[in-house]
Amino acid sequence: MSNKITFDAASNIWRGPELEKRPYGSKGVGEVVFEALLQDLKHICQISDDSGEIYTNERMLKEAISVANGLRAKGIKKGDTIVILMHNHHYLLPIWVGCVFAGAVLCPIYFGDSSVKGELCELMGQVQPKMMITSHLDAIEMFQGVFKQIGIDCPIYIYENAVEGCHDFKPFVENYFSSFDSFKPETIDNPDNDLFVIVMSSSTTGKPKLINSTHSQLLYQTVVPFSKIVIASTMQPGWHTEFVLSFIVLIKHCTKVMRAFFTIDEFLKMLEKYKVQVVYINPRNIFQMLKSETLKSVNLENLLFTGCVGQHMSAKMASELQSYLPNGVITSIYGISDIGGAITEPSDLKGHVHQLVGKVRRGLEIVVLDEKDTKLGPNEVGEIGIRVPLCPFPGYYKNDKLTKESVTSDGFYRSGDLGYVDVDGNVFLVERKKYNIPYRGKLINQGDVERIILENVQGVAGVCVVDVESDEHGMLVYIAIILEKGVEMKESDVIETVMKHHPFEFETKVFFFDELPMTISAKYKKHLVREMIMKKMAQQ
């Protein structure tokens, strides 16, 4: 089995190191997790910093079995869908695992102030859930209205029920345990076809879509070069990467440290307290860390690896955080929920190289496509295409049209990302295709403008750049900014700084907001931000 990345010059395909076929045979995620937990019942797999609850494999297994038996007692059958909208409480993971043990298809989602009832009606109408489990009490009334509007009977369960019209899920966790010997997780027919989870996309540029994710996709993601380490992340439970990471922890005998609610200062102190070795974080949280005084006082000598996920971080931001990690490295990781998760793994290149997001992952193939789907060679910029031979792209949930449009004739998934790959298999991400704005014959990249502001304008808590139609220019670049508390800023100051650092000048406007709608992966919902800007312009 080869451990090298190869480039086929005849076909212009980069292939990651070989991966043996089906590392877990024909087993499903439930069977693999069940066997992994049984191997060491005393191993601590989860620590909740805010609740103080500690989970050994034995406790995790007992509660997950109880949940599975409870679901079966309530009539949940193999293939039924359960919507889960929860904070990162200590009982979340045993609920997830119990649902998998019962053979249910999970649909973890995230709810924020920007959630739109019309979108939820459409999505829930497709999913047709048999049950909903939530800790977001402020969302219950909305979902009750959604289920009524689309005409489905979906009972809503909450932990320690105290809301009229809901049911108590706590007995599921505590009252249905059977012995390890007598319990068997639900088996699956085919890991390539059987759905493990229905993923809701992050929807930065439009309405969210539902993504099929199979058992083989999840198990492929567990082929990682680590085990028995302490892990933490800043990701929300509705984010697919957080979901996958939680199952990796169980299968690879790691320990996950988490909080249901945290500030960035609390998160930093948690890293020091539990001697966390690996962290997964998004650029927004890195930005918050670098502005925190706590970062200067905590000891992060145990932190060996920090993976930036969700968006590409700037080299400047990475270098600044690196100075606080005496024994660790920080790198961007490129992943797409639509095809199961991570596409790259850490590169061997030294330092923080601009636009580098890692090297081609084991068992994966990458191409770079031009507008006519011609495969380009090394260092040529085009749309990145991905194919995972062992895990065929399962498509979008009940959307054959979108599924067909998303792959090339030879099965490469169209990422929508512009980038290039060097001859050694290092992947460089330029930007999303949709984030390039045509302006007077040139292209303005939204991400570049956002990075200029974050790195050079003091007092900015958040920034989102969008495109707005213009009769004169076709498209204009408009900037939405959230200021730090107590900060005052002029539009002209922002524009002057942007033009100083951008390759060419362009017409723009700046709008200040108290908050902006965000996706589950801590990205701003650009289509909703655009609507907010248009509304503000109409009022001027």
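Below you will find a few notes about this structure. Keep in mind it's a predicted model, so treat the numbers as computed, not measured.

On to the overall build of the protein chain, then. A tally of helices and strands in the protein chain yields 15 helices and 29 strands. Once the C-alpha set of the protein chain is aligned to its principal axes, its extents read approximately 70 × 60 × 50 Å. By sequence separation, contacts in the protein chain at least 24 residues apart represent 68% of the contacts at least 6 residues apart. Put simply, the protein chain shows about 23,300 Å² of open surface, and 48% of that area lies on carbon and sulfur atoms. Each charge class in the protein chain can be summarised by its mean position, and for the 57 positive and 67 negative side chains these summaries are 2 Å apart.

A few words now on the side chain of K256. With respect to the secondary-structure elements, K256 resides in strand β13 (residues 255–258). Residue K256 is classed as buried on the basis of its relative accessible area of 4%. Here the side chain of K256 touches E242 through a polar contact of 2.5 Å, side chain to side chain. Within the structure, K256 has its side chain in polar contact with the side chain of S246 (distance 3.1 Å). Each residue touching K256, except ones within four places of it in the same chain, is listed here: C45, Q46, I47, N88, I231, E242, S246 and V249.

Turning to helix α11 (residues 315–322), its buried residues are M317, A318 and L321. One side of α11 carries all its buried residues, which in axial view fall inside an arc of 100 degrees. Considering only its buried residues, α11 is in contact with α10 (283–290), β16 (329–332) and α13 (446–456).

A full pass over the atoms with the stated rule returns 25 salt bridges. Measuring nitrogen to oxygen at the nearest pair gives 4.0 Å for the salt bridge that ties K209 to D338. One end of the pair, K209, is in the loop between β10 (195–200) and β11 (210–214); the other, D338, is in the loop between β17 (335–336) and β18 (341–342), with 129 residues separating them in the sequence. Assessed through its relative accessible area of 29%, K209 is described here as partly exposed. For the salt bridge of D448 with R451, the shortest nitrogen-to-oxygen distance reads 2.9 Å.

The next thing to look at is the sheet that holds strand β12 (residues 230–233). Taken together, the seven strands give an open sheet; going across it, the order is β4-β3-β13-β12-β14-β15-β16, and neighbouring strands pair in mixed fashion. This sheet does not close on itself; its edge strands, each paired only once, are β4 (54–56) and β16. Each strand of the sheet is rotated relative to its neighbour by a mean of 15 degrees, with strand direction disregarded. As judged from the three bridges shared by strand β3 (residues 44–48) and β4, these two strands associate in the antiparallel manner. In the strand pairing of β4, I47 is matched with I54. Of the strands in this sheet, β3 and β4 touch helix α2 (residues 57–73), which is tilted by about 85 degrees from β4.

With respect to the helices and strands, N161 occurs in the loop between β8 (156–158) and β9 (167–168). Owing to a relative accessible area of 31%, N161 belongs among the partly exposed residues under this scheme. Once the C-alpha coordinates of N161 and E174 are considered, the two residues, 13 residues apart in sequence, prove to be 14 Å apart. Ignoring sequence-local partners within four residues, the contact set of N161 consists of C166, H167 and D168.

All right, on to the nonpolar core then. One finds L71, I84, F101, F169, F247, Y280 and I386 to be the most contacted residues of the largest nonpolar core, which totals 88 residues. Apart from the residues lying within four places of it in its own chain, the contact partners of L71 are I76, I82, G98, C99, A102, M131, F169 and F172. The next biggest cluster of nonpolar side chains, apart from the first, holds 34 residues, and it includes I452, V460, V498 and L516.

Another point: unusual backbone geometry. Unusually for a residue other than glycine, N12 sits at a positive phi of about 55 degrees. Take N12: it is sitting in the loop between β1 (6–8) and β2 (13–15). Residue N379 is not a glycine yet carries a positive backbone phi of 70 degrees.

Now for the packing of helix α9 (residues 264–273) against α10. Running from N to C, α9 and α10 cross one another at 85 degrees; their axes reach a closest spacing of 10 Å. Comparing their axes, α10 and α9 come out roughly perpendicular. Packed against α9, whose contacting residues are I264, F267, L268 and L271, the element α10 presents N285, Q288 and M289 at the interface. Residues of the contact of α9 with α10, tallied by class, amount to five nonpolar, two polar and no charged.

Attention now moves to the packing of aromatic side chains. Counted under the stated rule, the structure contains 21 aromatic pairs. Judged by centre distance (4.7 Å) and plane angle (70 degrees), the ring pair of W96 and F243 falls under edge-to-face. Note that W96 is positioned in helix α3 (residues 92–101) and F243 in helix α8 (residues 240–251), a separation of 147 residues in sequence. Relative accessible area serves as the criterion here: at 2%, W96 is assigned to the buried category. On the numbers, 5.3 Å between centres and 35 degrees between planes, the contact of F262 with F267 is tilted. Three or more aromatic residues joined by ring pairs make a cluster, and in this case those are W96, F196, F243 and F247. Lying over the aromatic face of F177, K62 brings its terminal NZ or CZ to 5.9 Å of the ring centre.

Another point: the pairing of β10. The element β10 is largely enclosed, with a buried count of five among its six residues. Direction of pairing for β10 relative to β11: antiparallel, over a ladder of five bridges. From the neighbouring strand, V199 faces β11, where its bridge partner is I211.

Inspection of every chain in the model, using the stated rule, returns zero disulfides. The closest cysteine sulfur to the non-disulfide-bonded C45 is located on C254, 11 Å from its own sulfur. For the unlinked cysteine C166, the closest cysteine sulfur is that of C154, found at 11 Å. Residue C166 is classed as buried on the basis of its relative accessible area of 9%.

Cut-offs applied
- Residues numbered from 1 in each chain as written.
- Predicted model: local features only at pLDDT ≥ 70, side-chain atom pairs only at ≥ 80, totals over all residues.
- Heavy atoms only, no water.
- Helix = DSSP H or I, 4+ residues; strand = E, 2+ residues; numbered from the N terminus.
- Contact = heavy atoms within 4.5 Å.
- Areas by Shrake-Rupley, 256 points an atom, 1.4 Å probe, with all protein chains shown as cover.
- Lys, Arg positive; Asp, Glu negative; His and termini not counted.
- Charge placed at Lys NZ, Arg CZ, Asp CG, Glu CD.
- Buried < 20%, exposed > 50% of the residue type's maximum accessible area, 1.4 Å probe, protein only.
- Polar contact = N/O pair within 3.5 Å; in protein donor to acceptor, adjacent residues only side chain to side chain.
- Arc of directions from axis to C-beta.
- Salt bridge = Lys/Arg side-chain N within 4 Å of Asp/Glu carboxyl O.
- Pairing = 2+ DSSP bridges.
- Axes fitted to C-alpha atoms, helices over the stretch in contact; angles between N-to-C directions.
- Core = buried A, V, L, I, M, F, W, Y, C linked by side-chain atoms within 4.5 Å.
- Parallel < 35°, antiparallel > 145°, perpendicular 65-115°, else oblique.
- Nonpolar A, V, L, I, M, F, W, Y, C, P; charged D, E, K, R; others polar.
- Phe/Tyr/Trp six-rings, centres within 6.5 Å; stacked < 30°, edge-to-face > 60°.
- Lys NZ or Arg CZ within 6 Å of the ring centre and 35° of its normal.
- Disulfide = S-S within 2.5 Å.

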